[in-house]
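# Structural features, examined
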Amino acid sequence: MEGSIPDSVRITTLPNGFRVATDRMDSVETTSLGVWAGVGTRHEPAEHNGVAHLLEHMAFKGTTRRSARDIVVEIEDVGGFLNAYTGREQTAFYAKVLAEDTGLAVDILADLLQNSVFDADELVRERAVVLQEIGQAEDTPDDIIFDRFQEVAFPDQAMGRPVLGRAEIVRDLPRDVVAGYMASRYRADRMVLAASGKLEHDRLVDLAAKLFDRLPTGPSVVPEPARYGGGDNRAQRELEQVHLVLGFDGVGFDHPDYYVAAVLSQLLGGGMSSRLFQEIREKRGLVYSIHSFTSSYQDGGLFAVYAGTGEEEVAELLPVVCDELNKVTTDMSAAEVARAAAQLKAATLMAREKPSARCEQLASQLLIYGRPIPPAEVVARIDAVTVGDLVRLAQRLFATKPCLTALGPVARVMPYDALVGRLG
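What counts, and where the lines are drawn
Residues numbered from 1 in each chain as written. Predicted model: local features only at pLDDT ≥ 70, side-chain atom pairs only at ≥ 80, totals over all residues. Heavy atoms only, no water. Buried < 20%, exposed > 50% of the residue type's maximum accessible area, 1.4 Å probe, protein only. Helix = DSSP H or I, 4+ residues; strand = E, 2+ residues; numbered from the N terminus. Arc of directions from axis to C-beta. Contact = heavy atoms within 4.5 Å. Pairing = 2+ DSSP bridges. Phe/Tyr/Trp six-rings, centres within 6.5 Å; stacked < 30°, edge-to-face > 60°. Axes fitted to C-alpha atoms, helices over the stretch in contact; angles between N-to-C directions. 1 Å grid on protein atoms, 1.4 Å probe; cavity = no way out; pocket = protein on both sides within 12 Å on 5 of 7 lines; lining within 4 Å. Points joined across faces, edges and corners; volume = space filled by probe spheres on them. Core = buried A, V, L, I, M, F, W, Y, C linked by side-chain atoms within 4.5 Å.

### With respect to helix α8 (residues 201–211)
- Where α8 is concerned, the buried positions are His201, Leu204, Val205, Leu207, Ala208 and Leu211. The buried residues of α8 all sit within an arc of 165° when viewed along its axis, so they share a single face. Counted as exposed and oriented over 90 degrees from the buried face of α8: Asp206 and Lys210.
- For α8, the elements touching its buried residues are β1 (9–13), β2 (19–24), α3 (102–115) and β6 (191–197).

### Some details on the pairing of β6
- With seven of its seven residues buried, β6 lies for the most part within the structure.
- Going residue by residue along β6, you find Met191, Leu193, Ala195 and Gly197 tucked away on one face and Val192, Ala194 and Ser196 tucked away on the opposite face as well.
- Of the strand pairs in this sheet, β2 and β6 are connected by six bridges, and their pairing is parallel. Bridge pairing in β6 places Arg19 opposite Val192.
- As judged from the seven bridges shared by strand β3 (residues 30–37) and β6, these two strands associate in the antiparallel manner. Its bridge partner being in β6, Ala37 is matched across the sheet by Met191.

### Re the packing of aromatic side chains
- Across all of its chains, the model carries 14 aromatic pairs by this definition.
- For the ring pair Tyr85 and Tyr94, a centre distance of 6.0 Å and an interplane angle of 55° mean the geometry is tilted.
- Here Tyr85 falls in the partly exposed class, since its relative accessible area comes to 27%.
- Judged by centre distance (6.3 Å) and plane angle (90°), the rings of Phe154 and Tyr228 are edge-to-face. With Phe154 in the loop between α5 (141–153) and α6 (167–170) and Tyr228 in the loop between α8 and β7 (231–236), this pair connects stretches of sequence that are 74 residues apart.

### So, the sheet that holds strand β9 (residues 287–297)
- Within the open sheet, the five strands sit side by side as β7-β11-β8-β10-β9. Their pairing is mixed. Each edge of the sheet is formed by a strand with only one pairing partner; in this case those strands are β7 and β9. Taken over all neighbouring pairs, the strand axes of this sheet differ in orientation by 10° on average, direction set aside.
- With eight bridges joining them, strand β8 (residues 242–249) and strand β10 (residues 300–309) adopt antiparallel strand pairing. Bridge pairing in β10 links Asp249 to Leu302.

### Quick word on empty space enclosed by the protein
- Taken as a whole, this structure holds three cavities of 30 Å³ or more when the rule is applied.
- There is about 100 Å³ of room inside the largest cavity.
- Lining the largest cavity are 13 residues, with Val9, Arg352, Leu362, Gln365 and Ile373 positioned closest to its centre.
- Per element, the largest residue contribution to the lining of the largest cavity is four residues, and it comes from helix α13 (residues 355–369).

### Description of the nonpolar core
- Counting 73 residues, the largest nonpolar core has Phe18, Leu82, Tyr186, Leu193 and Phe212 as its most contacted members.
- For Leu193, the residues in contact, after removing those within four places along its chain, are Phe18, Arg19, Val20, Ala21, Gly34, Val35, Val106, Leu204, Ala208 and Phe212.
- With 51 residues, the next largest nonpolar core counts Val242, Leu318, Val321 and Leu404 among its residues.

Structure below.
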């Protein structure tokens, strides 16, 4: 079902394996660009959990050519924007500038990724900043609940550890570990310079060849396989709401049911017309917020439902959620499948109106699949999903060992054994 790549997209691989990918948009005056590396939290050893995220912070704290202040002043002098993020399988350093300032942005990105000095004094300060970030996440229940869910779903392994890291580890991470992580994990052939907007591909290739000439090459670190566990974790906390995530063993990026899972999630809890929203919020008034989601990785994934509800309502909530999951294994109409598919297709095509979304998508697809996925191919794969596909996947998903995480006044949350008995 592979489609042809749009004429706007071009890809060049440099001799060191570093890829340059562009998606030209002549209708805009800006360029969104960044470097995506196929490395993240799951590539960390347990004793250094949080180093990938701390490294992302430290890259902005000075290079052999620029101080920390110089980095932000130079990009903001031209009205540009510079940031980064760390995920479980990818880390990104990205910028947005006016088209004429693309060269400056590429130069700064190359400087961050090849010339960072990891100053010891800056490391002390930035550790403190990251510890504040970890503390803020702990104070945000509808944020930290997902980290706890991930840990229960993938226990005692890299895939289950928090992206921000654990405070007791981050507090003591030494400079040589942070610098060594970049030297050992960031490999040219696992990195992509992606750009979208008003640009010239050949000029970007020339800049990359000149500026990214000192990236390490050689074998990449292979992470341990993801092993879904499942189980139960509930923590009593004095909150106004109970935050819940109920999940199951899902599908990876390469799984034949990847798009089936996406349509199923949309149908079940992806919008205001979805089953969960209509039954649980609109009909019963049990929640303010409820949605389903999928998380896919190279070798596995999760399918889950999040809800936030009151202490009194939680006793009714989970049984109703289980009933809706059971219903979707047998009862589904062609009309609601078509509606869910239409929502996904619209989201896919609407995202292409933004250079930043095109840029990120292009880089991620190259790291995951080794090729860009044309929008027409995505639409065709969504359109190919049938009622039978959805019923089959739902039956498989909801027969796996569930993973339940609850945070807040949890006394009335359904016992785990009762939950298991209610499903199927």
